[in-house]
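Single-letter residue listing:
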Amino acid sequence: MALDDRHLFDEEQLLFRDSYRGFLAQHVTPYHAQWEQDGLVDRSVWTEAGKQGFLGFAMPEEYGGGGVRDFRYNTVLGEETAKAGASGIGFSLHNDVVAPYLADLCTDEQKARWLPAFCSGELITAIAMTEPGTGSDLQGIRTTAVRDGGDWVLNGSKTFITNGINADLVLVVARTDPDAGSAGFSLFGVERGMPGFERGRNLDKVGMHAQDTAELSFTDVRVPAANLIGTEGQGFFHLMNNLPQERLSIAVVAVAVMEQVLAETVQYCQDRKAFGKPIGSFQHNRFLLAELATETTAARILVDRCVTELNAGTLTIPDAAKAKWWTTELQVRLVDRCLQLHGGYGFMNEFSVAKAFTDSRVQTIYGGTTEIMKEIVGRSLGV
Ligand SMILES: Cc1cc2nc3c(=O)[nH]c(=O)nc-3n(C[C@H](O)[C@H](O)[C@H](O)COP(=O)(O)OP(=O)(O)OC[C@H]3O[C@@H](n4cnc5c(N)ncnc54)[C@H](O)[C@@H]3O)c2cc1C
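What counts as what
The residue numbers shown here count from 1 along each chain, following its written sequence. Under the rules for a predicted model, residues below a pLDDT of 70 receive no local features and side-chain atom pairs below 80 are neither given nor counted, while totals for whole chains, interfaces and linings still include all residues. Side-chain numbers here rest on the full set of heavy atoms in the structure, without hydrogens or water. Helix numbers and strand numbers start at the N terminus; a helix is a DSSP run of H or I with at least 4 residues, a strand a run of E with at least 2. In this setup the radius of gyration rests on C-alpha atoms only. A globule is expected at 2.2 Å times the number of residues raised to 0.38. A simple rule labels every residue: compare its accessible area, found with a 1.4 Å probe on the protein chains alone, to the largest value its type can have, and call it buried under 20%, exposed over 50%, or partly exposed in between. Whether two residues are in contact is decided by their heavy atoms, any of which lying within 4.5 Å being enough. Computed with a 1.4 Å probe, the accessible areas rest on the Shrake-Rupley method; for each residue, only the protein chains presented here act as cover. Positive charges are assigned to Lys and Arg, negative charges to Asp and Glu, while His and the chain termini are left out of the count. One atom stands in for each charge, and that atom is NZ of Lys, CZ of Arg, CG of Asp or CD of Glu. For helices, the axis comes from a line fit to the C-alpha atoms of the stretch in contact; other axes are also lines fit to C-alpha atoms, and the angle between any two N-to-C directions lies between 0 and 180 degrees. An angle counts as roughly parallel when it lies under 35 degrees, as roughly antiparallel when it exceeds 145, as roughly perpendicular when it falls between 65 and 115, and as oblique in every other case. What makes a crossing left-handed is the near helix being turned counterclockwise from the far one by less than a right angle; a clockwise turn instead makes it right-handed. Residues are counted as near a molecule or strand when any one of their heavy atoms sits within 4 Å of it. Throughout this description, a polar contact denotes any pair of N or O atoms lying within 3.5 Å of each other; where both atoms belong to protein, one of them has to be capable of donating a hydrogen while the other can accept it, and for residues adjacent in sequence the pair is counted only when both atoms sit in side chains. Here the term charged refers only to Asp, Glu, Lys and Arg, the term nonpolar to Ala, Val, Leu, Ile, Met, Phe, Trp, Tyr, Cys and Pro, and the term polar to all other amino acids, Gly among them. Residue ranges for the domains originate in an automatic or database domain assignment. Note on definitions: salt bridges are taken to be side-chain nitrogens of Lys or Arg within 4 Å of carboxyl oxygens of Asp or Glu. Put simply, a patch holds well-exposed residues, over 30% relative accessible area, that have no salt bridge, with like charges counted together within 9 Å and Val, Leu, Ile, Met, Phe, Trp or Tyr side chains within 5 Å. The quantity reported as buried area is the accessible area (1.4 Å probe) lost by two parts once they are put together, taken as the sum for both. Helix span, expected: 1.5 Å multiplied by one less than the number of residues in the helix. Values of bend correspond, residue by residue, to the angle between axes fitted over the seven residues ending at that residue and the seven starting there.

All right, on to the overall build of the protein chain then. Of regular secondary structure, the protein chain possesses 11 helices and 10 strands. Taken over the C-alpha trace, the protein chain has a radius of gyration of 21 Å; the compact-globule value for 383 residues is 21 Å, and the two agree within 12%. With the C-alpha coordinates of the protein chain rotated into their principal frame, the extents come out at 80 × 50 × 40 Å. The buried share of the protein chain, reckoned over its 383 residues, is 51%. For the protein chain, the proportion of contacts with a sequence separation of at least 24, taken over those separated by at least 6, is 75%. Surface accessibility of the protein chain: about 17,100 Å² in total, with carbon and sulfur atoms responsible for 54%. With 34 positive and 49 negative side-chain charges, the protein chain shows a spacing of 5 Å between the two charge centroids.

So this is what it looks like as C-alpha cells:
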C-alpha cells in the first residue's frame, strides 16, 4: 500500500465527504467570490449547512446534533472546505474550536439554550482570547469581569476575532481575579444584543477576504451569572485542554491545501512548456516537486496519526504543537514554491495558487504562532 493511501476513514466518512462536496458545489463555490468582496459570508449558508447536518454533528442528538463525536468528520469538513478554497466559511471555528467548550463545559440549562441553534446554524459562534495588547501571552489579558449581584460586569476589548461580525454567541476570556495568576481567568458566553457589547471594524486582511475577522468591545456589559461557561477561575485550564484540537484543525487544513496546490502545480508543470520542454522536466523543478511531494506525504501521515490520537483522547499538547507549526510552515513554503513554478500566472488572482498564497500566510500565526509552538515542544523536552 502506498504511503499516501489513507487508513483513516470508513464508509460513513466517505459518504459524508461526498455529501459535503455537493453542499460546497451548490451553496458555497458559486457565491464565494461575492463574499470575498463583501468581507463576510451570507448567513443563509450557515442555516443551509445546519439543515444538511454539517454543524454540531458532535453535539448530543437531544439538542439537534449528530451525536457522533469523532474528529474524522471534522477532518473531512476542514479538508473539503480548504480544497474548495472556501476560506470564508467559519465552520471549523464553530465545529472544531467552539463546540468542545459548549459540549463539555456548559450546564444542561445552557445546552438547552444554545445547542439547538448552534446545530441549526441560527447561532453562529466565536471565541475571543486575543486583545490589542496581547496574543501569544494569554496571561496578559486585560479584559475583566467583576461580580455584581446576579451578573458579571465585563469591560475590555478583543481583536482578530474570527466570525466576529456574524457571531451571535462569543466565548470571551476575561480576568475574574487579578491576584490569582493563571487561576484568575474565566469564560463567558456573551450574546448578540447585550447592552455595551459592540463590534468594531471588520478587519482588512492580507487574505481570507470572505472571513469576517473583527474587533469587539465590551463596556459595562452585564453578563448574567448563568452565562459563565465552565468553572470560575479555570478559564485558562479550559483553554489549555481545548487548544490541541484547535491546532490539529489548523494542521488538517495545512495538509489539504498542500495536496491540492501540489496536484495543480504538477499538472501545470506538465502542461506549460519553456525551451521546447514541459517545465517539470527541468531537473531543478522535478527535484523541487519531488521534495514537496515527499514532505506532503510525511505531513499527511503525521496529521492522520494525530486525528487518531485525538479520537483516542491521547493527543498531547506538545504533539499537537509539533503538528501545527511543522505543517503550517511547510504549507507556506510549499505554496510559495508552487506559485514560483507558475511564473507570472502564479501572481494572477484568477489562478487558485495565488489565492492559496494569501490565504495560507496566517496559518503560522493564529491558533498560536510557530514560535509559541516551538516553546511548547522545547519545554516538553525539558529545555
Ligand atoms: C485572521 C486571524 C484570525 C484570528 N482569529 C482569532 C480568534 O478567533 N480568536 C482569538 O482569540 N484570536 C484570534 N486570532 C489571533 C491570533 O491567535 C494571534 O494573532 C496570535 O496568537 C499571535 O498573537 P499577536 O498577534 O498578539 O502576536 P504577538 O504575541 O505580539 O507576537 C508577535 C511576534 O512575537 C513572537 N513571540 C511572542 N512571544 C514569543 C516568545 N515567547 N518567544 C518567541 N517569539 C515570541 C510571535 O511568535 C510573533 O512572531 C486571529 C488572528 C488572525 C490574524
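Now for the packing of helix 9 (residues 317-341) against helix 10 (residues 352-360). Here helix 9 crosses helix 10 at 150°, and the two axes come no closer than 9 Å. Comparing their axes, helix 10 and helix 9 come out roughly antiparallel. In the crossing of helix 9 with helix 10, the sense of the turn from one axis to the other is left-handed. Note on element contacts: helix 10 touches helix 9 through Val353, Ala354, Ala356, Phe357 and Ser360, opposite Gln331, Val332, Val335, Asp336, Cys338 and Leu339.

Another aspect to go through is the site of the ligand. The full set close to the ligand counts 19 residues, and Thr130, Ser136, Phe160, Thr369 and Glu371 are the nearest of them. A distance of 2.6 Å is found between an oxygen atom of the ligand and a side-chain nitrogen or oxygen belonging to Glu371. Look at the ligand: alone it shows 970 Å² of surface, and the protein chains cover 64% of it. Going through the elements one at a time, strand 1 (125-128), strand 3 (151-162) and helix 11 (370-380) are the ones with two or more residues in the shell around the ligand. In terms of residue count, strand 3 provides more of the shell around the ligand than any other element does, 3 residues in total. Residue composition of the shell around the ligand, grouped by class: 9 nonpolar, 8 polar and 2 charged. Counting contributing residues, the shell around the ligand receives three or more from each of domain 2 (127-233) and domain 3 (237-380).

Tallied over the full model, the rule gives 29 salt bridges. Here Lys51 makes a salt bridge to Glu48, at a shortest N to O gap of 3.4 Å. Pair noted here: Lys51 and Glu48 are both in helix 3 (residues 44-51), with a separation of 3 residues, about one helical turn. A network of salt bridges, in which partner residues are shared, links Arg6, Arg17, Asp18, Arg21, Glu79, Glu80, Lys83, Glu259, Arg300 and Asp304.

With that settled, the discussion passes to a nonpolar patch on the surface. Residues Tyr345, Phe347 and Met348 make up a contiguous nonpolar surface patch of about 350 Å² in total accessible area. Looking at the secondary structure, you find Phe347 in the loop between helix 9 and helix 10.

Splitting the protein chain by domain gives domain 1 (3-123), domain 2 (127-233) and domain 3 (237-380). The straight-line distance from the C-alpha centre of domain 2 to that of domain 3 is 31 Å. Contacts between the two partners involve 15 residues from domain 2, matched on the other side by 11 residues from domain 3. Of the roughly 940 Å² buried between domain 2 and domain 3, counting both surfaces, carbon and sulfur atoms make up 74%. Connecting domain 2 to domain 3 are 0 salt bridges. For the interface between domain 2 and domain 3, the tally reads 2 residue pairs in polar contact (both at pLDDT 80 or more). When the residues that make up the side of domain 2 that touches domain 3 are grouped by side-chain class, the tally is 9 nonpolar, 6 polar and no charged.

Phi angles above zero are rare outside glycine, and Met208 is one such case at about 50°. Among the secondary structure elements, Met208 is positioned in the loop between strand 6 (197-202) and strand 7 (213-224). The exposure class of Met208 is buried, given its relative accessible area of 13%.

Once that is clear, we can look at helix 6 (residues 108-120). Taking 1.5 Å of rise per residue, the 13 residues of helix 6 would be expected to cover 18 Å, and the 18 Å separating its terminal C-alpha atoms lies within 8% of that figure. When the local axis directions of helix 6 are compared, the greatest deviation, roughly 35°, occurs at Trp114, which is followed within four positions by the proline Pro116. For helix 6, the full list of buried residues reads Gln110, Lys111, Trp114, Leu115, Phe118 and Cys119. Phi turns positive one or two residues past the end of helix 6, at Gly121, with a value near 90°.

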